[in-house]
Amino acid sequence: MKKWTYGFVVVLLALSLIAGCAKPAATPVPAATSTVEPTPEPTATTAAAADEGQRLILATTTSTQDSGLLDYLLPDFEAETKIVVDVVAVGTGQAITLGEDGNADVLLVHARAREDAFMEAGHGTRREDVMYNDFVIVGPKADPAGIKGMKDAAAALAKIAEAKASFVSRGDDSGTHTKEKAIWAAASVEPAGDWYISAGQGMGAVLTMADEQQAYTLSDRATYLARTLEGTDLKILVEGDPILFNPYGVIAVNPNKGAHIKTDLATQFIDWLVSLPTQEKIAQFGVDKFGAPLFTPDSTAWREAHPADEQASGDVALKITGMVEQEVGWTEDQVKAMETMDAESTNKAGEVSTYTGVSIVSLLNLAKPQADAQTVVYVADDGFTGEVPLADVTACKDCIISFRNQGGFSVVMPGFPGNVQVKGVVEIQIK
Ligand SMILES: Nc1nc2c(c(=O)[nH]1)N[C@H]1C(S)=C(S)[C@@H](COP(=O)(O)O)O[C@H]1N2
Ligand SMILES: [Mo]
């Protein structure tokens, strides 16, 4: 499997709303979430294409339907191919069962282990990567369990359990709930007690409960992002652990299940879904509403066409965010490939040292701070922040982001106070 962090474009687009970059959700339902499992009845058809008589049954998870993704994508497919797609939106488990029973031609689901088992058992003839999104652990700003910034999701849940800090679980056997249970299992914790609230609700309702009760929960990023626009006080506290990755696959159901299985149409659908134009459309979905895409394209064709994205998304080591014309992020190697300069600076102990790095002014020029921006906030990997007026930074010709021996970067601003010499800087926020 390829590296799984968010694509570069996603990082840039999402940075205004989120911190960090992780790629790994089960029910990315932006606004209203549905907890009701629709009955397995076709729900989407197009009259025009129906005339041609070609119909394809797509069994999928509620998230692709509830997020609006299918309504956004499918008209193109139906117009191009004159194939009507009958969408059956159910939980991933149910969708897979529909496939096993030969009650669908094609599946679009997000449960990689179950997909692989489906293929291995011979229920499917072709599986392709389509897209992904990710889960995040969110919680109150006060963070009573002290999990902020942890990179290990299981360790974070273990800490929540140890602190008996309130945690709201979906408790609805959704994909998100399945993922949550997998993380508890990875932590070797069986969550139980007053602090563990099983809601039996959709993602939106669970986020509302967690917000009201100052509790932690596991959310897909898309639904959380949508909530931030509605003023949730919950913060993303843990992200980026590979266990939080949520890939979607498309599978053609094996025609040996009966003459009614439309393999030709399924093949056309899969070819179209993983094709570059469709993947490009997926990359745009949600950007207008939420400021970040809800899904990141990830088909083989997309990956081949975007090798740079993949590389950049691997490890964004330094980024400039906030009030800038263009949010930017670089890998460590990219920063080190820039023009370097030396700066002499005196530390707290009075020792003078020479540091090598990249001019902060030149980095800011790449992001172009907005005219009304006032302040620079340097954020370190340990959460430490240092704040300095933007005008002071733009006037400083020998201020650099230095390369540390142990990797990573530090702010070196000669002559400025110790508390702006931020060690392990990972983000430059412009405010
Ligand atoms: N990441 C990080 N950077 C930090 C700090 C910190 O706690 N975390 N403390 C700051 C303060 S207050 C000072 S005085 C200097 C101390 O570093 P020095 O001993 O190299 O001068 O680091 C600054 N950078
Ligand atoms: Mo300091």
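Cut-offs applied
Counting restarts for each chain, with residues numbered from 1 along the sequence as it is written. Chain labels run from A onward and ligand labels from 1 onward, assigned in the order the entries are written. The predicted nature of this model means local features are confined to residues of pLDDT at least 70 and side-chain atom pairs, given and counted, to a pLDDT of 80 or more, with totals for whole chains, interfaces and linings taken over all residues. Values reported for side chains reflect all heavy atoms of the structure, with hydrogen atoms and water molecules removed beforehand. Axis geometry follows a simple rule: fit a line to the C-alpha atoms, using only the stretch in contact for helices, then measure angles between N-to-C directions, giving values from 0 to 180 degrees. Secondary structure elements are taken from DSSP: a helix is a run of H or I of four residues or more, a strand is a run of E of two residues or more, and numbering for both begins at the N terminus. Between 65 and 115 degrees an angle is taken as roughly perpendicular, under 35 as roughly parallel, over 145 as roughly antiparallel, and anywhere else as oblique. We call two residues in contact when some of their heavy atoms are within 4.5 Å. Classification used: nonpolar for Ala, Val, Leu, Ile, Met, Phe, Trp, Tyr, Cys and Pro, charged for Asp, Glu, Lys and Arg, polar for all others including Gly. We call a set of buried Ala, Val, Leu, Ile, Met, Phe, Trp, Tyr and Cys residues a nonpolar core when their side-chain atoms join them within 4.5 Å. A simple rule labels every residue: compare its accessible area, found with a 1.4 Å probe on the protein chains alone, to the largest value its type can have, and call it buried under 20%, exposed over 50%, or partly exposed in between. It suffices for a single heavy atom of a residue to lie within 4 Å of a molecule or strand for the residue to be listed as near it. For the purposes of these results, a polar contact is taken to be a pair of N or O atoms within 3.5 Å, where, inside protein, one atom must be able to donate a hydrogen and its partner to accept one; residues adjacent in sequence count only when each atom of the pair is a side-chain atom. Using the Shrake-Rupley algorithm and a 1.4 Å probe, accessible areas are obtained, with residue cover drawn only from the displayed protein chains. Pairing between strands is defined by DSSP: at least two bridges between the two strands are required. Pairs of cysteine sulfur atoms within 2.5 Å are what we label disulfides. Counted as salt bridges are all cases of a side-chain nitrogen of Lys or Arg within 4 Å of a carboxyl oxygen of Asp or Glu.

Draft legend 1. Representation of the packing of helix α11 (residues 263–274) against helix α12 (residues 276–284) within the structure. In the contact formed by α11 and α12, the axes pass within 4 Å of each other and the chain directions differ by 55°. Here α11 lies oblique to α12, going by the angle between them. Side by side, α11 and α12 meet where Trp272, Leu273 and Val274 of the first sit next to Leu276, Thr278 and Gln279 of the second. Per-class residue counts for the contact of α11 with α12 are four nonpolar, two polar and no charged.

Draft legend 2. Quick peek at the nonpolar core. If you look at the biggest cluster of nonpolar residues, it comprises 31 residues, and the most contacted ones within it are Ile320 and Tyr378. Those elements that place two or more of their residues in this core are β11 (318–322), β12 (328–330), α17 (360–367), β15 (375–380), α18 (390–394), β18 (409–412) and β19 (425–430). The element contributing the most residues to this core is α17, with four residues.

Draft legend 3. Local environment of the site of ligand 1. The environment of ligand 1 is made up of Asn347, Lys348, Ala380, Asp382, Phe384, Gly418, Asn419, Gln421, Val422 and Lys423. Lysine 348 is positioned such that a nitrogen or oxygen atom in its backbone is 2.8 Å from an oxygen atom of ligand 1. Interatomic distance of 2.7 Å between a backbone N/O atom of glutamine 421 and a nitrogen atom of ligand 1. Surface burial for ligand 1 is 68%, taken as the share of its 530 Å² of free accessible area covered by protein chains.

Draft legend 4. Local environment of the sheet that holds β15. Strand order in the open sheet made by the five strands is β12-β11-β19-β15-β16, with mixed pairing throughout. Taken across any chain shown, the strands that pair with only one partner, and hence form the sheet edges, are β12 and β16 (385–389). Neighbour-to-neighbour, the strand axes of the sheet open up by a mean angle of 15°, direction not taken into account. Bridge count between β15 and β19: five bridges; the pairing is antiparallel. From the neighbouring strand, valine 377 faces β19, where its bridge partner is glutamine 429.

Draft legend 5. Geometry of the state of the cysteines. Overall, the coordinates contain one disulfide when judged by the stated rule. Between the sulfur atoms of cysteine 396 and its disulfide mate cysteine 399 the distance is 2.0 Å. The sign of the 85° torsion about the S-S bond sets the cysteine 396-cysteine 399 disulfide as right-handed. On the accessibility criterion, cysteine 399 (0% relative accessible area) is buried.

Draft legend 6. Examining the pattern of salt bridges more closely. Counted under the stated rule, the structure contains 15 salt bridges. A salt bridge links arginine 303 to aspartate 129, with the shortest nitrogen-to-oxygen separation between them at 3.1 Å. Taken together, the residues arginine 303 in helix α14 (residues 300–305) and aspartate 129 in strand β4 (residues 124–139) connect sequence positions 174 residues apart. By relative accessible area, which is 18% here, aspartate 129 ends up buried. Aspartate 172 is the salt-bridge partner of arginine 170, the closest N and O atoms lying 3.0 Å from each other. A relative accessible area of 3% places arginine 170 in the buried class. Residues participating in the shared-partner salt-bridge network are Arg112, Glu115, Asp116, Arg127, Asp129, Asp298 and Arg303.

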